[in-house]
Protein chains: 6
Amino acid sequence: MLPILFLVALLFFPSSQAADFCVAKLKGAGNPSGYACRNPAIVTVDDFVFKGLGVAGNTTNIISAAVTPAFVQQFPGVNGLGLSTARLDLAPGGVIPMHTHPAASEILFVVTGKITAGFISSSANMVYVKTLNKGDVMIFPQGLLHFQINAGGTAAVAVVSFNSPEPGLQITDFALFGNSLPSKLVEKTTFLDDAQVKKLKGVLGGTG
Amino acid sequence: MLPILFLVALLFFPSSQAADFCVAKLKGAGNPSGYACRNPAIVTVDDFVFKGLGVAGNTTNIISAAVTPAFVQQFPGVNGLGLSTARLDLAPGGVIPMHTHPAASEILFVVTGKITAGFISSSANMVYVKTLNKGDVMIFPQGLLHFQINAGGTAAVAVVSFNSPEPGLQITDFALFGNSLPSKLVEKTTFLDDAQVKKLKGVLGGTG
Amino acid sequence: MLPILFLVALLFFPSSQAADFCVAKLKGAGNPSGYACRNPAIVTVDDFVFKGLGVAGNTTNIISAAVTPAFVQQFPGVNGLGLSTARLDLAPGGVIPMHTHPAASEILFVVTGKITAGFISSSANMVYVKTLNKGDVMIFPQGLLHFQINAGGTAAVAVVSFNSPEPGLQITDFALFGNSLPSKLVEKTTFLDDAQVKKLKGVLGGTG
Amino acid sequence: MLPILFLVALLFFPSSQAADFCVAKLKGAGNPSGYACRNPAIVTVDDFVFKGLGVAGNTTNIISAAVTPAFVQQFPGVNGLGLSTARLDLAPGGVIPMHTHPAASEILFVVTGKITAGFISSSANMVYVKTLNKGDVMIFPQGLLHFQINAGGTAAVAVVSFNSPEPGLQITDFALFGNSLPSKLVEKTTFLDDAQVKKLKGVLGGTG
Amino acid sequence: MLPILFLVALLFFPSSQAADFCVAKLKGAGNPSGYACRNPAIVTVDDFVFKGLGVAGNTTNIISAAVTPAFVQQFPGVNGLGLSTARLDLAPGGVIPMHTHPAASEILFVVTGKITAGFISSSANMVYVKTLNKGDVMIFPQGLLHFQINAGGTAAVAVVSFNSPEPGLQITDFALFGNSLPSKLVEKTTFLDDAQVKKLKGVLGGTG
Amino acid sequence: MLPILFLVALLFFPSSQAADFCVAKLKGAGNPSGYACRNPAIVTVDDFVFKGLGVAGNTTNIISAAVTPAFVQQFPGVNGLGLSTARLDLAPGGVIPMHTHPAASEILFVVTGKITAGFISSSANMVYVKTLNKGDVMIFPQGLLHFQINAGGTAAVAVVSFNSPEPGLQITDFALFGNSLPSKLVEKTTFLDDAQVKKLKGVLGGTG
């Protein structure tokens, strides 16, 4: 008994990095592969569990919807493991506006309700739209514009997963109208009318 | 109008491969990156939607549980996109036995019910077990032994996602007792007793 | 002399795949890693050279600009090598409209003229804009919205490279207004006014 | 002479990271890509050489075998280079028990003796077993259960390599019986009898 | 307006790592994935712009040529983004000697002049040489020996890109003759004559 | 018993691609990820075993050495698994000349004899040389020039592994002198004397 344990001790010696996982130390500087690993000696099962998706997001906003992310910043256990997840809540009439995830594909599972979802391909500019029911799954290829809309009269919930701990989220409207990008540049690069740009900048808090 | 379309035509010309996605032609031979792409001209939104997870799996079996996969073989749209998913149904008393996914990490979301889940690390042989409630999420690092058990008195459902279209699934019991691996080799490599091995080979249809 | 050649013959025997490169057979079905390799015996240096970027693109269009791609579909020699390139021509007043490359980062080198370029981050919705002169280089991180505008009174030329043979190109305006995505869905997911959407659908040939 | 050296000095300037290698600083926190790089100025050839595999492992234990790893924790020079290695010593009757490497494939070369090795596929639950002689090579795909047994009357030695500096090693028996995983959970998830589980927990030092 | 901003605040909270980019802190220790990220709060557009390629390199040296790199050490904005670039200046008669990039493929665009470029395959030891004119593009597969020569009577300039922020550069002559590798070892491993080796060691500052 | 098998049948159904492995069909065209998969139904354990390294290579040649590869072309079982191996035989005085592997790092284990091995870094042009004894291991980073020399009076054998099924092998002398690369180009790009180039072209069968 002792000999076999001794043998294994060669492999199972204390280390600052566990080969199996790398729970993120979010305070330190990240690097291109993610965050530094928390000392495995102080890691517990709670680092691999995220409880924040059990509660509905607050949908009393202009999109009547909420995204509750469990990305590495919220869920440090996914660091380095190539996965993250999020919950979508869509009140009746709710919409997750046109957006992309720059660093991941997305797979969506409808938990409750009815959702119309779609994406637009880049290679052929094709539109792929479908109304999904409870239990249906849809895949959104990496980096493409896509959206989700409540297609029923009751609240809809979906759980989405990404093949990256940091998929990113770029909502087109926020990118164009919710920051300091000058209206003139928005108009020049999108052909939108000045009045339209200024109206949405007003709604989304953009300047310039 | 025409000139701008002409410009874009340089990029959006017909091709046998769409840069954005690669819906699998399952009939042909695969290769290390997955399957050949179906002609994008005949791809429709239905290739990106999978409806098989809306129905409960049949749990009237000895594990009182069912795994319904949406891997590339069932859901060709995920080919090359680095993601797949599955539905777990656990009747009261149900269990997804100890297993690994050789090619992917897994993230689990509890849709209904209560599930005790756990994994065992390789580096330090530590056990990470937790009872999860509806809406809780747990991450299982790539290649490690893990399991799920219904921890409540009612049916439990979970949706799991993997960062590979072909995560693989190796249930330890099937690998040891459900094939032609000679009992003598099983015993030699696991230290299990002969009677134990033969008993489980009987249950799981193994020979030798 | 013969012996040493004999030794090497073990390694340099005829094969349908060269370890070094894999010039694309564009006619066949692609797969997630790219296209099948042309027989190396018929590959010549011309497969590794692309002459299409020596000529200015036609900028007599509504954007007064042109993108001339040397992606795998135009330049089969880059298949599997993780790189591609393109030429940008911007007449005075020209603009490459807001767009993303779903599968690659981009590095831009100004060959002649003056170009204002910028991108918008997803994590913090920050704007990074700069006017570049001849010889300046700018990097655009993968999947983020970005644009280029002629910032001088004379024609500008840039050469851009991507870390993928198929970076993709999704011009936001084309994705929203240049296809069959119903106006109602565009409006619902972008908060643009109906008149604005219909006006741009008219310009870009969209329907619905 | 000076001019050419001056030119090269642009590239060969002092840096805290060598592009070519990244010898691990094991003391610091790791990250998903491995360990931080030791200052290249103090790296010597001895960082790229490991002498621990020249000595036979101690096989006077219950498995009559020993694994001597040269993973990144023992051999910091492999950090970031995608390879590691180990020596297997199998006394007559010796066995490397059923195990997986969660993060790597393995290639085995028989240095001396005769070894019966095998693995079990996940996709089809097939058994692949072969008795190997001196000089034979066998490949074990990533993450699959496999084992090695001395098949001769004399000591056997093999050298194995992995396509990861941290392949991990999960011996099924240690994972099930050598830690605090409660017997009840082991039985529930493996269908092993209580007596069998308790017997092996006793041998391998497990509790619960 | 406030509600929608509040929703997004969940995603856009302050972090030490931006998902989108990771501008290098060159002073700290690197790791296998690159350098630690500079705090995104202090990153500006100037981190994504490199101005050093607008000036011709000094070609008054024995190769009548200059390489001006914009690798991660010179251009920290490319850290983690999978791309870098460089400028080649070739005076009449100039040559970039036979070399490899251990970690990247290269794509070359001729800005001005005429360049003869070539590479040698490893699998079949084939030679691929071509004289390129202004605007021509050539791809050099990863790790293969290649070279560039001014093929005209006037200065030539090329911009090259690599699919790595740290492609590396190993000039065969420097590697063989520009360091302390003993002449005897050079001769033994290259079959070059002693006089030849000593002559080039003299030119390139080598010892031993 | 039947129910559990039925459950698993969903996952273990016949497929033209096994998720676990992809034994190469060498006759067909390869692609960037390797070769198409042989039908798993006809794969046997012999596809995962290579017997060609048990026999000494023929060292009666001018280098008094032999490389016996077990790359994917010789050993189809490694296709897609990220590993390959080779045997080095060095008679007294034997040398594996200066070379690179464009697509892989290498790890070397000395089986018998004494070997002097070394590599040259690109970033700092440093030389790392060591004489290795039986059982010693050395790592050679990807793409760097390296060599092995018999350092004893008896035959030496080493087994080397690579983290690619197709590491490539570019022997500098063969690349420079063993093909049709014109002497003038060799001289221009290496500064070698004309007589030296022509002498080695003569030995190695080069032309031009």
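Just so it is clear, the model here is predicted, and its values are computed rather than measured.

It is worth spelling out the interface of chain B and chain A at this point. Listed by partner, the interface residues are 51 residues for chain B and 52 residues for chain A. Between chain B and chain A, a total of about 4,200 Å² is buried, with carbon and sulfur atoms accounting for 68% of that surface. Among the residues chain B hides against chain A, the three largest losses belong to D20(B), L83(B) and I139(B). Together they make up 14% of the total. Here chain B and chain A share four salt bridges between them. Between K130(A) and D46(B) there is a salt bridge; the shortest N-O distance is 2.5 Å. Linking chain B with chain A are 19 residue pairs in polar contact (both at pLDDT 80 or more), by the criterion used here.

What follows is about the interface of chain F and chain E. Listed as interface residues are 42 residues of chain F and, on the opposing side, 42 residues of chain E. Approximately 3,700 Å² of surface area, both sides summed, lies buried where chain F meets chain E, with 62% of it carried by carbon and sulfur atoms. In terms of surface lost to chain E, no three residues of chain F exceed Q170(F), T189(F) and F191(F), which account for 16% of the buried area on that side. Applying the counting rule to chain F against chain E returns two salt bridges. The closest approach of N and O atoms between D193(E) and K199(F), which form a salt bridge, is 2.7 Å.

This next bit is on helix α4 (residues 194–204) of chain E. Among the residues of α4(E), those classed as buried are Q196(E), V197(E), L200(E), K201(E) and L204(E). All buried residues of α4(E) fall inside an arc of 130° around its axis, so they share one side.

A few words now on the UniProt feature "binding site: Mn(2+)" (unreviewed entry) in chain A. Residue and element names in this part refer to chain A. The feature "binding site: Mn(2+)" (unreviewed entry), as given by UniProt, occupies H99, H101, E106 and H146 in the numbering adopted here. Spanning 48 residues, the annotated positions come together in the fold, the maximum distance between their C-alpha atoms being 11.9 Å. When you line up the elements, H101 lands in the loop between β4 (95–100) and β5 (106–112). Take H101: its relative accessible area is 5%, and that puts it in the buried class. In this view, H101 contacts E106, Q142, G143, H146, F162, P167, G168 and L169; residues no more than four positions away in its chain are not counted. Of the polar contacts made by the side chain of H101, one reaches the side chain of H99; its length is 3.3 Å. Along the chain, H146 turns up in strand β9 (residues 146–150). Those residues in contact with H146, other than ones at most four positions away along the chain, are P97, M98, H99, T100, H101, E106, G118, F119 and F140. At 3.4 Å, the side chain of H146 forms a polar contact with the side chain of H101.

This part covers the domain arrangement of chain A. If you check the domain split of chain A, you get domain 1 (55–168) and domain 2 (173–204). Computed over C-alpha atoms only, the centres of domain 1 of chain A and domain 2 of chain A are separated by 25 Å.

Glancing now at the sheet that holds strand β10 (residues 156–162) of chain F. With antiparallel pairing, six strands are arranged side by side in an open sheet as β1(D)-β8(F)-β5(F)-β10(F)-β3(F)-β2(F). Of all the strands in the sheet, just β1 (49–50) of chain D together with β2 (65–70) of chain F have a single pairing partner and so form its edges. As paired strands, strand β5 (residues 106–112) of chain F and strand β8 (residues 137–140) of chain F are joined by four bridges and run antiparallel to one another. Paired with I107(F) across the two strands is I139(F), which belongs to β8(F).

Turning to the relation of the copies chain F and chain E, a few remarks are in order. Here chain F sits on chain E after a turn of 180° about the axis and a move of 0.0 Å along it, with an RMSD of 0.0 Å. Taken together, these values place the two copies in the relation of a two-fold axis. When each C-alpha of chain F is compared by its distance to the rotation axis, G143(F) comes out closest, at 2.8 Å. The residues that chain F uses at the interface reappear at the interface of chain E in 100% of cases, marking a shared surface.

What follows is about the state of the cysteines. Residues and elements named next belong to chain D. For the structure on display, the rule yields six disulfides over all chains. Each disulfide pairs two cysteine sulfurs, and for C22 the partner residue is C37, the sulfurs being separated by 2.1 Å. Disulfide C22 to C37: torsion about the S-S bond roughly -100°, handedness left-handed. Of the two residues, C22 is situated in the loop between α1 (2–9) and β1 and C37 in the loop between α1 and β1; the sequence distance between them amounts to 15 residues. Of the two residues, C22 and C37, neither departs from the other in class, the shared state being buried.

Let us look at the side chain of E187(D). Residue and element names in this part refer to chain D. Within the secondary structure layout, E187 lies in helix α3 (residues 183–190). Among buried charged residues, E187 stands out as having no salt bridge; its nearest opposite-charge side chain is K198, 5.0 Å away. Excluding its chain neighbours within four sequence positions, the residues that come into contact with E187 are L192, D193, D194 and V197.

Residue and element names in this part refer to chain C. Position of T44 relative to the elements: it lies in the loop between α1 (2–9) and β1 (49–50). Overall, the relative accessible area of 38% leaves T44 in the partly exposed class. Residues T44 and V23, 21 residues apart in the sequence, show an inter-C-alpha distance of 9.8 Å.

Per the UniProt record, "domain: Cupin type-1" (unreviewed entry) is found at residues 51–198 of chain A. For residues 51–198 of chain A, the helix share is 13%, the strand share is 38%, and the end-to-end C-alpha distance is 40 Å.

All names here are of chain A. Scanning the model with the defined rule gives 36 salt bridges over all chains in all. The shortest N-O distance in the salt bridge between D89 and R87 comes to 2.8 Å. Each of the two residues, D89 as well as R87, counts as buried.

Regarding chain C and chain D, the two do not touch, and the least distance separating their C-alpha atoms is 18 Å. There is a gap between chain A and chain F: no contact, and a shortest C-alpha distance of 18 Å.

Before going further, it helps to examine the packing of aromatic side chains. Enumeration according to the criterion identifies 48 aromatic pairs over all chains in this entry. For the ring pair F119(A) and F140(A), a centre distance of 6.4 Å and an interplane angle of 75° mean the geometry is edge-to-face. Here F140(A) lies in strand β8 (residues 137–140) and F119(A) lies in strand β6 (residues 115–120), a separation of 21 residues in the sequence. Across this residue pair, the class does not change: F119(A) and F140(A) are buried. Here a set of aromatic residues connected by ring pairs shows up, and it is made of F21(A), F48(A), F119(B), Y128(B) and F140(B).

What follows concerns the sheet that holds strand β9 (residues 146–150) of chain E. Residue and element names in this part refer to chain E. If you walk across this open sheet you meet the five strands as β7-β6-β9-β4-β11, and the pairing is antiparallel. One side of each edge strand has no neighbouring strand; the edge strands of this open sheet are β7 (127–132) and β11 (170–171). Sheet topology places strand β6 (residues 115–120) next to β9; five bridges connect them, and they run antiparallel. Within β9, the position partnered with G118 by the bridge is F147.

Reading the values: rules and limits
- Residues numbered from 1 in each chain as written.
- Chains lettered and ligands numbered in written order.
- Predicted model: local features only at pLDDT ≥ 70, side-chain atom pairs only at ≥ 80, totals over all residues.
- Heavy atoms only, no water.
- Contact = heavy atoms within 4.5 Å.
- Buried area = accessible area lost by both parts, 1.4 Å probe.
- Salt bridge = Lys/Arg side-chain N within 4 Å of Asp/Glu carboxyl O.
- Polar contact = N/O pair within 3.5 Å; in protein donor to acceptor, adjacent residues only side chain to side chain.
- Buried < 20%, exposed > 50% of the residue type's maximum accessible area, 1.4 Å probe, protein only.
- Helix = DSSP H or I, 4+ residues; strand = E, 2+ residues; numbered from the N terminus.
- Arc of directions from axis to C-beta.
- UniProt positions renumbered as here; feature names shortened; annotations may be inferred.
- Domains from an automatic or database assignment.
- Pairing = 2+ DSSP bridges.
- Least-squares fit on C-alpha atoms with pLDDT ≥ 70 in both.
- Disulfide = S-S within 2.5 Å.
- Lys, Arg positive; Asp, Glu negative; His and termini not counted.
- Phe/Tyr/Trp six-rings, centres within 6.5 Å; stacked < 30°, edge-to-face > 60°.

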